Amino acid sequence: MTVLEGPTGYLPVIAVLALLITREFARELHHVATPGEHRKWSAVTFSAAFVAIAILALRFGTLYA
Amino acid sequence: MADPEVVSRSCGAWLGRWSAVSAWRSTEAALRGGVLTHADLTVAILTIIGVVVWWESSIAVPLLAMTDIGLASVLPPGTWVGILLVSAAFVVALKSGRTPGIVLSIVATVLVLHGLGVVAEPEMRFDVAWRHIGIADYFRTRGQVDPELDAYQNWPAFFAFAAFVWEATGLRDLPAVLAWTPVVYNLLYLLPLIAIGHRIVGDRMLVWLAAWLFTVSNWIGQDYFSPQGWYVFIYLVVLAVLLSWFGEYRPGLPDSGRSHVASELEGPQVGTTNQRLALLAVVLVLTATIVSGHQLTPYALTVTTAAAVAVGWCRLRTLPISLMLATLLWTGYAAAAYVAGHPDTFSQLGSILSIFEQTVEKRLQGSPGHELIVRLRLLETAALWALAAIGVFRLVRAGHRRLALSLASVALSCFLLMALQSYGGEALMRIAFFALAFTALLVAVALIGPPGALVRFRELVSVILVGVLLLAAFPLTRYGNERMDWYTSDEVAGVDAMYRVAPAGSVLTSVTGGLPWRSKGYDDYDYRVLVDGNPISSAPGIGREGTVDMAAPDLAKLAEQVESRMARRPGQRSFLIVSRSQAADLDLLGPFPAGAQDRLIAAVTASTYSSWWGCMKTDMEAQARDVRQVEQPVVLRPLQIIALYRTSVLLSVLAVTVAVLVIADVQSSFRSVLTFLFLMIAPGLSLLDICGLARGWLGVALVVATSTSLATLVAMAQLYLGIWSPTGTVVVLALVTVAGQAVAVRGRRHADSAASSSANQRYGACS
């Protein structure tokens with residue numbers, strides 16, 4: 001798992017963070033949170049967050065190995 | 001010819017009479033005009049007399065007579081009288097409902113409670129605060145981060161900021177200024193707390209009472225010069241912004257089946273799109289400093305934000321996930337050196353019982369006096385939580401079920417941190433601190449009833465009763481460890497002398513670490529302690545770890561252990577420093593019977609090794625002087641958002657002046673004060689002013705948080721990139737300030753011209 005030590009480990013997590021933050025900015029920009037509207041989380045966001053958490057879990061596993 | 005002295009005296013007397021008469025006349029006029037009420041006058045008189053009595057009494061506390069229950073054992077009656085008068089002023093102000101009186105009395109309460117240690121003691125208290133100065137000094141002088149050194153280097157944001165401010169202001173006597181940190185921090189905490197209170201309960205009386213309760217029940221003592229103290233302020237600001245601006249647009253979430261915990265809040269502030277985007281950006285900047293500045297606070301922010309999302313108080317649903325990812329990202333990569341060297345970081349994950357045992361049972365040790373203090377602290381915390389539960393009950397009974405459950409959920413969310421790790425036995429204490437703002441709101445509800453309820457005599461009596469109990473407990477719970485936490489001027493001078501004598505690279509050994517040391521030469525010496533928290537070892541060659549057996553019956557063996565701990569390389573020198581505060585530390589916390597340090601001194605003096613170590617005993621009983629020098633506080637003037645273009649001109653002139661002073665390296669107190677004010681206020685005010693966000697209590701908190709966070713991020717980037725330049729950071733911040741105001745002025749001109757053209761159109765249509 002040494003591949004996760006460098007940029008190949010942290011860059012995907014940073015990309016996911018950027019995605020999540022961009023989505024929040026987009027929501028505020030388009031002001032979608034109007035009364036009665038039901039917002040659904042996109043599958044892409046969930047999957048991306050899951051991948052980032054998996055990478056970090058593997059990273060901590062490597063650190064303690 | 002008239003004697004000049006007589007003339008001057010009679011002129012002085014006449015001026016005194018004239019000023020007294022004119023003050024009385026203006027007061028009378030204000031009373032007649034309704035500007036001032038009799039309640040205001042009572043509050044002002046009680047506060048002024050209280051503070052003066054408190055100050056005069058507190059500067060003459062016989063500190064050397066202190067017992068194991070701390071400062072309370074030596075407080076003169078005048079200090080108690082001063083505290084009671086200021087508290088009486090708050091009750092009068094609360095009853096009158098007048099904001100100026102309430103604010104004045106709360107500020108005075110912060111001063112008399114959290115400034116007590118500062119005024120009563122001759123030097124900055126607490127060894128960790130001194131160590132933190134040393135870490136800032138390390139960054140200031142080295143201009144780089146060394147992650148292999150310790151945890152501080154892996155979460156350096158706060159120290160990068162402190163190092164930058166130190167350099168930029170050109171301050172010389174840092175401890176004298178930083179001694180006032182508890183007062184400044186506790187005043188800052190109140191700004192976001194008031195904003196949160198107004199947003200959640202919307203009842204002025206409840207909010208002000210909660211602010212006062214927060215002040216009198218904050219015994220936790222994390223508000224010294226420390227990252228955790230600072231980031232609790234940023235944590236509260238982030239929560240205040242989220243609750244005030246990013247709440248759900250609708251009150252409940254019936255379709256998701258969570259209506260029972262959904263908020264009863266009115267709609268959040270909507271503002272303009274630009275305002276919301278700017279605030280979101282500010283939240284990200286603030287959280288970036290929290291993530292890179294402290295180990296525990298990001299987790300607290302994550303769980304509290306998640307709770308706010310769950311109860312419908314925050315619509316930024318991915319924010320808790322982003323926070324968690326950012327925290328783990330920093331821990332796993334930027335702080336990898338620390339984490340790899342500490343495999344126990346996450347080893348306690350989920351072991352709640354073991355963590356609870358470490359945070360409660362293991363703290364109940366030491367001398368009988370110290371145990372009493374620990375029990376009092378636990379009792380006070382439990383009592384506050386019980387009152388908070390009553391607050392929840394009163395809200396439910398009054399029909400505010402959703403509000404009750406939501407507030408309780410957010411307050412209790414911090415308890416999830418118990419599943420993380422014991423945090424050196426401090427987990428429960430930190431949780432109480434993170435939850436205190438919400439606990440205080442619930443306690444306020446318990447005392448005077450739900451929002452909108454009429455405050456009758458009965459409620460006021462309950463406030464007074466609980467208030468008196470909390471006030472009586474405060475000096476005990478807050479300053480209970482003071483016997484070991486305060487330092488005499490001679491102790492500080494002793495440590496200074498040690499640094500002058502000891503060449504860089506020497507071994508410096510202290511008995512317990514309860515010493516005002518490491519504020520300089522943080523990485524230049526080999527620091528060791530004899531009682532290091534590890535189990536007691538009986539081996540003569542104890543090495544660098546393990547607690548030296550101070551109770552060993554054989555003094556020669558004790559001396560051998562000390563020699564082993566102080567072992568030096570050829571050419572290296574080794575010093576042992578012994579002081580009053582360390583003896584107090586040993587007596588209070590153990591693990592040896594009282595008088596352990598005297599045995600150590602006897603062993604060292606009688607040993608054959610005394611020829612090569614310098615034993616510097618600062619015997620305070622012999623040298624103590626009653627004269628205490630108390631530095632004047634650096635008082636921040638209240639932030640005033642003044643007229644439109646005047647603000648822009650003032651900020652720009654301030655930015656340019658500070659940049660010139662720093663570039664020219666002008667050494668004066670004028671530069672220190674001006675630069676400090678600029679760094680605390682200007683960049684944030686300039687940027688927030690563009691969107692009209694620098695308003696109200698939250699506006700003031702946001703200005704300070706944004707200014708300091710921007711400086712932190714620039715300074716930290718310089719440290720990591722190896723381009724440390726405090727002057728460069730000041731120039732960057734000055735440019736940000738000027739550019740921000742240029743944009744703000746442009747925006748206002750557009751708005752003005754749009755308004756006038758709209759008016760012209762209307763006028764044309766009418767005519």
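Since we're looking at a predicted model, the values are computed, not measured. (Residues numbered from 1 in each chain as written. Chains lettered and ligands numbered in written order. Predicted model: local features only at pLDDT ≥ 70, side-chain atom pairs only at ≥ 80, totals over all residues. Heavy atoms only, no water.)

Colleague: I'd like to hear about the overall build of chain A, residue by residue, with values.
Modeller: Regarding its fold elements, chain A presents two helices and zero strands. In chain A, which comprises 65 residues, the share counted as buried stands at 31%. Of the roughly 3800 Å² of accessible surface on chain A, a fraction of 75% belongs to carbon and sulfur atoms. (Helix = DSSP H or I, 4+ residues; strand = E, 2+ residues; numbered from the N terminus. Buried < 20%, exposed > 50% of the residue type's maximum accessible area, 1.4 Å probe, protein only. Areas by Shrake-Rupley, 256 points an atom, 1.4 Å probe, with all protein chains shown as cover.)

Colleague: Go over the overall build of chain B with me, naming the residues and quoting the values.
Modeller: Counting its regular elements, chain B contains 30 helices and six strands. Of the contacts made within chain B by residues no fewer than 6 positions apart, 76% connect residues no fewer than 24 positions apart. Carbon together with sulfur atoms contributes 63% to the accessible area of chain B, which is approximately 30700 Å² in total. (Contact = heavy atoms within 4.5 Å.)

Colleague: How would you explain the packing of helix H11 (residues 227-245) of chain B against helix H13 (residues 297-310) of chain B if you had to name every residue and give the values?
Modeller: All names here are of chain B. For the pair H11 and H13, the least separation of the axes is 11 Å and the interaxial angle reads 20°. Put simply, H11 runs roughly parallel to H13. As H11 runs across H13, the sense of the crossing is right-handed. Residue-level contacts link Tyr 231, Tyr 235, Val 238, Leu 239, Leu 242 and Leu 243 of H11 to Thr 297, Ala 300, Leu 301, Thr 304, Thr 305 and Ala 308 of H13. (Axes fitted to C-alpha atoms, helices over the stretch in contact; angles between N-to-C directions. Parallel < 35°, antiparallel > 145°, perpendicular 65-115°, else oblique. Left-handed = near helix turned anticlockwise from the far one by under 90°.)

Colleague: Residue-level account of the state of the cysteines, with values.
Modeller: Per the counting criterion, the structure on display carries zero disulfides over all chains. The cysteine Cys314(B) is free of any disulfide, with Cys414(B) supplying the nearest cysteine sulfur at 15 Å. (Disulfide = S-S within 2.5 Å.)

Colleague: So what about helix H4 (residues 99-114) of chain B? Which residues, and what values?
Modeller: In this model H4(B) runs 22 Å from its N-terminal to its C-terminal C-alpha over 16 residues, within 8% of the 22 Å that 1.5 Å per residue would give. Within H4(B) the residues assigned to the buried category are Gly101(B), Ile102(B), Ser105(B), Ile106(B), Ala108(B), Thr109(B), Val110(B), Val112(B), Leu113(B) and His114(B). (Expected span 1.5 Å × (residues − 1).)

Colleague: Describe the side chain of Arg483(B), listing the residues and the values that go with them.
Modeller: All names here are of chain B. One can find Arg 483 in helix H21 (residues 482-485). Side chain to side chain, Arg 483 and Asp 68 meet in a polar contact 2.5 Å long. Each residue touching Arg 483, except ones within four places of it in the same chain, is listed here: Met 66, Thr 67, Asp 68, Arg 580, Ala 584, Asp 587 and Leu 588. (Polar contact = N/O pair within 3.5 Å; in protein donor to acceptor, adjacent residues only side chain to side chain.)

Colleague: Account for the packing of helix H10 (residues 204-217) of chain B against helix H19 (residues 427-448) of chain B, with residues named and values stated.
Modeller: Geometrically, a packed helix pair is captured by the angle between its two axes and the distance between the axes. All names here are of chain B. Packing of H10 against H19 leaves a shortest axis separation of 8 Å and a crossing angle of 120°. The pairing of H10 with H19 is recorded here as oblique in orientation. Of the two elements, H10 crosses H19, and the hand of that crossing is right-handed. Contacts from Met 205, Leu 206, Leu 209, Ala 210, Leu 213, Phe 214 and Ser 217 of H10 reach H19 at Leu 436, Ala 437, Ala 440, Leu 441, Val 443, Ala 444, Val 445, Leu 447 and Ile 448. Looking at side-chain class alone, the contact of H10 with H19 contains 15 nonpolar, one polar and no charged residues. (Nonpolar A, V, L, I, M, F, W, Y, C, P; charged D, E, K, R; others polar.)

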